[in-house]
Amino acid sequence: MFRPDTAILPLRILTVSVVLLLLLLSGARRTKKTWPVSFPQEELKKRLTPMQYQVTQERGTESAFTGEFTHHKDEGSYTCVVCGAVLFSSKTKFDSGSGWPSFYDLVKEESVALTDDFSYGMHRVETTCSQCGAHLGHLFDDGPKPTGKRYCINSASLGFQAKDAASTSGSASGAEGGAASSSVSDGKTEL
């Protein structure tokens, strides 16, 4: 004898399972957050290159081995291309072979915010600038000692402050003048 109420239960379980799976595969579990520094999107579209905008504002990724800082060896500090906050030192940069600039440590622990990212059906840890929320890349646990960490960062999300320039002009740690002065050329990283 057929009982309609028993046929509905497996369908409900299946529906809930599909919804949960879609949520997991839909991307980062990023909640809307107010960052200490913010810029109007129109200003960012004018100031950043299309690749910088896509990476930092739309959570994009540049192609491996194409970024300006992948093989960069100069001494200095790597900064957020959006707000100029100092993120990494050239002293912690290493060649991971991944095709993206890699660092085993931060300048300050609070420089970067970490968020679970479930995009592409896998779990990763997204890194964002803790000042402006710009997407930087991801953090992995396969780096060298002493930390064992690998901050795998898009060149398009970075600016660079040479060691000599930092000592004469001060550090680019804030939004005022930091973003424009932190990059290698004229405030835009061409890829």
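Residues numbered from 1 in each chain as written. Predicted model: local features only at pLDDT ≥ 70, side-chain atom pairs only at ≥ 80, totals over all residues. Heavy atoms only, no water.

S.K.: Looking at this structure, I do not really get the overall build of the protein. What am I missing?
M.R.: Scanning the protein from terminus to terminus reveals five helices and nine strands. If you list the helices and strands of the protein from N to C, you get α-α-α-β-β-β-β-β-β-β-β-β-α-α. Across the 191 residues that make up the protein, the buried fraction comes to 42%. Across the protein, the fraction of contacts at a sequence separation of at least 24, relative to all contacts at a separation of at least 6, is 62%. (Helix = DSSP H or I, 4+ residues; strand = E, 2+ residues; numbered from the N terminus. Buried < 20%, exposed > 50% of the residue type's maximum accessible area, 1.4 Å probe, protein only. Contact = heavy atoms within 4.5 Å.)

S.K.: Explain the sheet that holds strand β7 (residues 135-140) to me, please; I cannot follow it from the model alone.
M.R.: Adjacent strands of a sheet form backbone hydrogen bonds with each other and so pair up, either parallel or antiparallel. Ordered by their spatial adjacency, six strands build an open sheet running β3-β4-β8-β7-β6-β5, and the pairing between neighbours is antiparallel. Here the strands that pair on one side only, and so sit at the sheet edges, are β3 (93-94) and β5 (112-117). Examined bridge by bridge, β7 and strand β8 (residues 150-153) share four bridges and lie antiparallel to one another. Residue pairing for β8: F140 is matched across the bridge by R150. (Pairing = 2+ DSSP bridges.)

S.K.: Which parts of the structure should I look at to understand the pairing of strand β2 (residues 86-89)?
M.R.: Every regular strand shows the same layout, with side chains that alternate between the two sheet faces. As defined by bridge partners, strand β1 (residues 76-80) adjoins β2 across three bridges and the pair is classed as antiparallel. Following the sheet pairing, S77 is matched in β2 by S89. Linking two consecutive strands that pair antiparallel, namely β1 and β2, is a turn of five residues; a positive phi of about 85° is found at G84 within it.

S.K.: What's the story with the nonpolar core in this structure? I'm lost.
M.R.: Nonpolar side chains tend to gather and get buried jointly when the protein is soluble and globular. V82 and F88 are the most contacted members of the largest nonpolar core, which totals 26 residues. Where this core is concerned, the elements lending two or more residues are β1, β2, β7, β8 and β9 (158-162). With sequence-adjacent residues up to four places away left out, F88 is seen in contact with G76, S77, Y78, F103, D105, L106, V107, V112, Y151, I153 and L158. (Core = buried A, V, L, I, M, F, W, Y, C linked by side-chain atoms within 4.5 Å.)

S.K.: Explain the environment of K45 to me, please; I cannot follow it from the model alone.
M.R.: With respect to the element layout, K45 can be found in helix α2 (residues 41-47). Each C-alpha atom, one on K45 and one on Q57, is 9.6 Å from the other, the two residues being twelve residues apart in sequence.

S.K.: Could you clarify how one ought to interpret empty space enclosed by the protein in this entry?
M.R.: Empty space among the atoms becomes visible once a probe the size of a water molecule is rolled across them. Evaluated as defined, the whole model comprises one cavity of 30 Å³ or more. Taken as a whole, the largest cavity encloses approximately 50 Å³ of empty space. Around the largest cavity, the lining residues are F65, T70, H71, F94, D95, S96, G97, S98, G99 and W100. Across the lining of the largest cavity, the residue classes tally to three nonpolar, six polar and one charged. (1 Å grid on protein atoms, 1.4 Å probe; cavity = no way out; pocket = protein on both sides within 12 Å on 5 of 7 lines; lining within 4 Å. Points joined across faces, edges and corners; volume = space filled by probe spheres on them. Nonpolar A, V, L, I, M, F, W, Y, C, P; charged D, E, K, R; others polar.)

S.K.: How should I be thinking about the state of the cysteines in this particular structure?
M.R.: Joining two cysteines, a disulfide is a covalent bond between their sulfur atoms. One pass over the structure, following the stated rule, counts zero disulfides. Just so you know, C129 is unpaired, no disulfide at all, and the nearest cysteine sulfur is the one on C83, 3.6 Å from it. (Disulfide = S-S within 2.5 Å.)

S.K.: Which parts of the structure should I look at to understand the pattern of salt bridges?
M.R.: A side chain with one charge can pair with a side chain of the opposite charge if their charged atoms come near. This structure, assessed with the given rule, holds seven salt bridges. Its salt-bridge partner being K149, residue D141 comes within 2.7 Å of it at the nearest N-O pair. Exposure remark for D141: the relative accessible area of 63% places this residue in the exposed category. With a relative accessible area of 29%, K149 lands in the partly exposed category. Ionic contacts of the salt-bridge type, sharing partners, join the residues R59, D117, R124 and E126 into one network. (Salt bridge = Lys/Arg side-chain N within 4 Å of Asp/Glu carboxyl O.)

S.K.: Would you take a moment to explain the sheet that holds β9 for this structure?
M.R.: Across the sheet, three strands lie side by side as β2-β1-β9; this open sheet has antiparallel pairing. Two strands close off the open sheet at either side, each with one partner strand: β2 and β9. If you compare each strand with its neighbour and ignore which way they point, the axes differ by 35° on average. (Axes fitted to C-alpha atoms, helices over the stretch in contact; angles between N-to-C directions.)

S.K.: Help me out: how do you make sense of the side chain of S98 in this one?
M.R.: As for its position among the elements, S98 is in the loop between β3 and β4 (102-103). Separated by 2.8 Å, the side chains of S98 and S96 make a polar contact. Sequence-distant contacts of S98, that is, excluding residues within four places in its chain, are made with A64, F65, R150 and C152. (Polar contact = N/O pair within 3.5 Å; in protein donor to acceptor, adjacent residues only side chain to side chain.)

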